[in-house]
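# Fold and geometry: a report
The primary structure of each chain is shown beneath.
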Amino acid sequence: SLQYTTDPDKIIPSAQRDSLNAICVLLRKQTGSQMAVVVLPAIDLKEYDDAREFANKLFNTWKLGEKGKDNGILLLLLTSKAQREITFEVGYGLEEYLPDGLCKLIQTKLMIPKMKGGDYGGGLIAGASEIQRILMGKSEMANEYIKEQEEEDKEAMNFLLYSSLIGGFFMWLFAWRPIGKVLKNKHLNSYQRYIKLKSKNASLGCLYLFFISPLLPIAILLLFYIRSLKKKELRKIACEKCGKNDLMFNMCDNTTKEPYCTFYCPNCTHIHKEKLDSETALSLGYVYAERTRSYSSDDSDDSYSSSRSYSSSYSSSSSSSGGSYGGGSSGGGGSSTKF
């Protein structure tokens, strides 16, 4: 008969090995899934980082599961005091039915309590039997796990919904609202409109969205939109001396009695000084006083030349292991628990 349980050091009794083999044979007949059980005292940690790496390499060397279906699962038990651990390695095709969280639950609730008392075989039988029930669609543990996951997903969706509403409010309050006021204000000239759009309040709402990861793309798009508005306003401004429309924003100084911003014309080198109202001066909140800048034709409106900083152990080719398998593979799904 096929041997699905590999226990070279005879750590578990032969009767329990027979029971594990019987479970694996029945599972293969009923579902086509291929399960193998390996029991070892320890692995060579100089060759493998941990039990998960060993299990993954062993799984893919044996090619557990049917080719194209990848419906294999490996149960690896290490029993030495220093490495005592139970590991599941799950094929691609079974990850839907045996997600990592459910694998962990089987280990902690069904297997480890028995294994801590020295009943390694009993723990393996309990885990293998539960896997069989899950793949047959008869597992109460799996049903409870699914319900819990659905509840957690529901709570997560509610959190995202409320977070989105709060984020949207702050976006309106600190981004859309101030931008709208600036664009609708007919009393502002082009210089003043550009300066107000540049003030940090116009982009503050975007920062709130950055803290809500699902809204991050909206925050990024909004920041780009604000940036495009600033560039659009800057292009509207014509130099009062030569009439050219390629002015560049230079600097702001809100430390003087009459705060101002300056704009530079690279065509005639004329500098325009625009006085700031107190609200805009406070809104800008930073100082560019007494700073110089070099200009070139490809300078952007927000670039500065100043120094401002923004902030082998067990042979996996053993012919005595696991019967004949069908060419499956694993992508690393499963779980591992030390005890």
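Here, every reference points to the structure presented above.
Description of the structure in this document.

Rules used in this analysis
Residues numbered from 1 in each chain as written. Predicted model: local features only at pLDDT ≥ 70, side-chain atom pairs only at ≥ 80, totals over all residues. Heavy atoms only, no water. Patch = residues over 30% accessible without salt bridge, like charges linked within 9 Å, V, L, I, M, F, W, Y side chains within 5 Å. Areas by Shrake-Rupley, 256 points an atom, 1.4 Å probe, with all protein chains shown as cover. Salt bridge = Lys/Arg side-chain N within 4 Å of Asp/Glu carboxyl O. Lys, Arg positive; Asp, Glu negative; His and termini not counted. Charge placed at Lys NZ, Arg CZ, Asp CG, Glu CD. Helix = DSSP H or I, 4+ residues; strand = E, 2+ residues; numbered from the N terminus. Buried < 20%, exposed > 50% of the residue type's maximum accessible area, 1.4 Å probe, protein only. Contact = heavy atoms within 4.5 Å. Expected span 1.5 Å × (residues − 1). Arc of directions from axis to C-beta. Phe/Tyr/Trp six-rings, centres within 6.5 Å; stacked < 30°, edge-to-face > 60°. Pairing = 2+ DSSP bridges. Axes fitted to C-alpha atoms, helices over the stretch in contact; angles between N-to-C directions.

Let us look at a negative patch on the surface. Taken together, the side chains of E140, E144, E148, E150, E151, E152, D153 and E155 make up a negatively charged region of the molecular surface. Relative to the assigned elements, E150 resides in helix α5 (residues 140-184). Residue classification places E150 among the exposed residues on the basis of a relative accessible area of 52%.

On to the pattern of salt bridges, then. A complete count under the given rule lists 8 salt bridges for this structure. Between R17 and D7 there is a salt bridge; the shortest N-O distance is 3.3 Å. Here R17, found in helix α1 (residues 14-31), pairs with D7, found in the loop between β1 (5-6) and α1; they are 10 residues apart in sequence, far enough to count as distant. Across the pair, D7 and R17 agree in class, each one buried. Note that E258 is salt-bridged to K275, the shortest N-O span being 3.5 Å. With E258 in the loop between β5 (248-253) and β6 (260-264) and K275 in strand β7 (residues 271-275), this residue pair connects regions lying 17 residues apart in the sequence. Salt bridges sharing common partners tie together R193, E233 and K236.

As a further point, take the environment of K81. Along the polypeptide, K81 turns up in the loop between β3 (72-78) and β4 (85-91). Spatially, the C-alpha atom of K81 lies 8.7 Å from that of P41, the residues being 40 residues apart in sequence.

Judged by its relative accessible area of 7%, D7 is buried. Setting aside chain neighbours within four positions, we find D7 in contact with I12, R17 and V39.

Another aspect to go through is α1. Relative to the 26 Å expected for 18 residues at 1.5 Å per residue, α1 spans 26 Å between its end C-alpha atoms, a close match to the ideal helical length. Those residues of α1 that sit buried are Q16, R17, L20, N21, I23, C24 and L27. With its buried residues spanning 155° around the axis, α1 presents them on a single face. Exposed and oriented more than 90 degrees from the buried face of α1 are A15, D18 and K29. On its buried side, α1 packs onto β1, β2 (34-40) and α4 (120-135). Looking one or two residues past α1, G32 carries a phi angle of roughly 85°, positive in sign.

For the rest of this paragraph, the subject is unusual backbone geometry. Positive phi is not limited to glycine here, since D70 has a value of about 50°. Tracing the chain through its elements places D70 in the loop between α2 (51-62) and β3. With a phi angle near 65°, T269 is a residue other than glycine that sits in the positive phi range. Mapped onto the elements, T269 comes out in the loop between β6 and β7.

This part takes up the packing of aromatic side chains. Overall, the coordinates contain 5 aromatic pairs when judged by the stated rule. Relative to F249, the ring of Y194 has its centre 5.6 Å away and its plane inclined at 50°; by these criteria the two rings are tilted. Taken together, the residues Y194 in helix α6 (residues 190-198) and F249 in strand β5 connect sequence positions 55 residues apart. According to the relative accessible area criterion, Y194 is buried, its value standing at 0%. Geometrically, the ring pair formed by F249 and F263 is edge-to-face, given 5.5 Å between the ring centres and 75° between the ring planes. Note that F249 is positioned in strand β5 and F263 in strand β6, a separation of 14 residues in sequence. Judged by relative accessible area, which is 0%, F263 ranks as buried.

Now for the pairing of β5. The element β5 is largely enclosed, with a buried count of 6 among its 6 residues. The pairing of β5 with β6 spans 5 bridges and is antiparallel. Across the sheet, the residue bridging to C252 is C261, located in β6.

What follows deals with the sheet that holds β7. One open sheet accounts for 3 strands, arranged β5-β6-β7; its pairing is antiparallel. Only two strands of the sheet have a single partner each, and these edge strands are β5 and β7. Averaged over all adjacent pairs, the angle separating strand axes in this sheet is 25°, with direction ignored.

Remember that the coordinates give geometry; whether it matters functionally is a separate question.
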